[in-house]
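Descriptive structure summary
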Amino acid sequence: MTDRPLTLMAVHAHPDDEATGTGGILARYAAEGIRTVLVTCTDGGCGDGPEGVKPGDPGHDPAAVTAMRRQELQASCDVLKISDLEMLDYADSGMMGWPSNDAPGAFWQTPVEEGAARLAELMRHYRPDVVVTYDENGFYGHPDHIQAHRITMAALEMTTLTPKVYWTTAPRSMMQRFGEVMREFAEDMPEPDPAEAAAMAKIGLPDDEITTWVDATAFSGQKFDALAAHASQGENIFFLKMGKERFGELMGVETFVRVRDTTGAAVPENDLFAGLR
């Protein structure tokens, strides 16, 4: 045994991603005395600007958006009591198919080996016991999420570390409930076209394929406040519309697939650190 604290490293694509899928575990494990390290890969420059101005529209200044989102990210980290924030500062690639995918310096254009080497250095420094990132499809197909997955898995291969490794996911039962809640809070929301509906149906996993269910309901208020810290993106953060109580009911349990493990901890499990303490 050593005096080094147990450490969780979450690798995310953009400012605000840390709160959506992992805000609960980051807050919960920080409260339990575990060191929490957040790696944010991009600068978020393809987010909304002041007054909701969209990327590509007149008045959208990626540099100003980047500066604003950096401040919001720090505020979110403060809310979640994140121990260490590391930013790789690649340019936000935007949604799949946007011209920004091909821009010089875009994360999507960065060689995986380059990004992985930088992340591997951070892994060697922090020596995480648990690493969390996205699955191969970046959960829903965003290029920066996919790239975050790629560099994380490649970085692990570059080190001699053997952390437990998890990919974020959502149970299909929750995705169905989420769709119902979205229609409740957005009555004028049009029905998705068949192709979009088919794509949505593939997001997440059947409940029995999820290995890890972490109850962070007690920290859902912090998670909500961390999302709210990203105020410039509020138009895109649907969850804020439902209020803290409903948010906690829907988003209090965070779910993962365990893809690497040397502890032999049985699954399903309710703790990312099962077998480590």
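Below you will find a few notes about this structure. (Residues numbered from 1 in each chain as written. Predicted model: local features only at pLDDT ≥ 70, side-chain atom pairs only at ≥ 80, totals over all residues. Heavy atoms only, no water.)

Next up on the list: the overall build of the protein chain. Broken down by element type, the protein chain carries eight helices and seven strands. Taken against the 2.2 N^0.38 rule, which gives 19 Å for 277 residues, the C-alpha radius of gyration of the protein chain at 18 Å falls within 12% of a compact globule. Principal-axis analysis of the C-alpha atoms gives the protein chain an extent of 55 × 40 × 35 Å. Per-residue burial for the protein chain yields a buried fraction of 52% across its 277 residues. About 12,600 Å² of surface is accessible on the protein chain, with carbon and sulfur atoms providing 53% of the total. Side-chain charges in the protein chain split into 23 positive and 44 negative, and the spacing between the mean points of these groups amounts to 5 Å. (Helix = DSSP H or I, 4+ residues; strand = E, 2+ residues; numbered from the N terminus. Rg over C-alpha atoms; globule rule 2.2 N^0.38 Å. Buried < 20%, exposed > 50% of the residue type's maximum accessible area, 1.4 Å probe, protein only. Areas by Shrake-Rupley, 256 points an atom, 1.4 Å probe, with all protein chains shown as cover. Lys, Arg positive; Asp, Glu negative; His and termini not counted. Charge placed at Lys NZ, Arg CZ, Asp CG, Glu CD.)

Moving on: the packing of helix α2 (residues 62-80) against helix α7 (residues 220-228). Packed helix pairs are specified by the crossing angle of their axes together with the interaxial distance, meaning the distance between the axes. The geometry of α2 relative to α7 is characterised by a closest axis approach of 8 Å and an angle of 170° between their N-to-C directions. Viewed along their axes, α2 and α7 adopt a mutual orientation that is roughly antiparallel. For the pair α2 and α7, the contacting residues are Ser76, Val79 and Leu80 in the first and Gln222, Lys223, Asp225 and Ala226 in the second. The class makeup of the residues in the contact of α2 with α7 is three nonpolar, two polar and two charged. (Axes fitted to C-alpha atoms, helices over the stretch in contact; angles between N-to-C directions. Parallel < 35°, antiparallel > 145°, perpendicular 65-115°, else oblique. Contact = heavy atoms within 4.5 Å. Nonpolar A, V, L, I, M, F, W, Y, C, P; charged D, E, K, R; others polar.)

Where a strand is regular, its side chains alternate between the two sheet faces. As judged from the five bridges shared by strand β5 (residues 164-169) and strand β7 (residues 253-260), these two strands associate in the antiparallel manner. Following the sheet pairing, Thr169 is matched in β7 by Thr255. Relative to β7, strand β6 (residues 212-215) runs antiparallel, the two being bridged by four bridges. In the strand pairing of β7, Trp213 is matched with Thr255. (Pairing = 2+ DSSP bridges.)

Leu8, Ile25, Tyr29, Val132, Phe239 and Leu272 are the most contacted members of the largest nonpolar core, which has 37 residues in total. When residues of this core are traced back to their parent elements, those giving at least two are β1 (7-12), α1 (17-31), α2, β4 (130-133), α5 (172-185), α7 and α8 (243-251). Not counting the four nearest positions on each side in its chain, Val132 is found in contact with Leu8, Met9, Ala10, Val11, Thr22, Ile25, Tyr166, Thr168, Phe256 and Leu272. Counting 25 residues, the second largest nonpolar core, distinct from the first, contains Val11, Val39, Ala116 and Tyr134. (Core = buried A, V, L, I, M, F, W, Y, C linked by side-chain atoms within 4.5 Å.)

This part takes up unusual backbone geometry. The step from Val267 to Pro268 runs through a cis peptide bond, and the omega angle for that step is 5°. Its location among the elements puts Pro268 in the segment after β7. Within the chain, Asp16 stands out as a residue other than glycine whose phi angle is a positive 100°. Relative to the helices and strands, Asp16 is located in the loop between β1 and α1.

To continue, consider the pattern of salt bridges. Applying the stated criterion across every chain, the model contains 16 salt bridges. Of the charged contacts, one joins Arg260 and Glu157 as a salt bridge, the two residues approaching to 2.5 Å between their closest N and O atoms. Placement of Arg260 in strand β7 and of Glu157 in helix α4 (residues 143-158) is noted, with a sequence separation of 103 residues between them. Taken together, the shared-partner salt bridges in this structure form one network comprising Arg28, Glu32, Asp271 and Arg277. (Salt bridge = Lys/Arg side-chain N within 4 Å of Asp/Glu carboxyl O.)

When we look at a pair of aromatic rings, we describe it by the centre distance and by the angle of the planes. Following the criterion strictly, the structure yields four aromatic pairs and no others. Each ring, one from Tyr166 and one from Phe256, has its centre 6.3 Å from the other, and the planes form 75°; the classification is edge-to-face. Here Tyr166, found in strand β5, pairs with Phe256, found in strand β7; they are 90 residues apart in sequence, far enough to count as distant. Per residue, the accessibility class of Tyr166 equals that of Phe256, and both read buried. Ring centres of Phe224 and Phe247 lie 5.3 Å apart, and the angle between their planes is 80°; this geometry places the pair in the edge-to-face category. (Phe/Tyr/Trp six-rings, centres within 6.5 Å; stacked < 30°, edge-to-face > 60°.)

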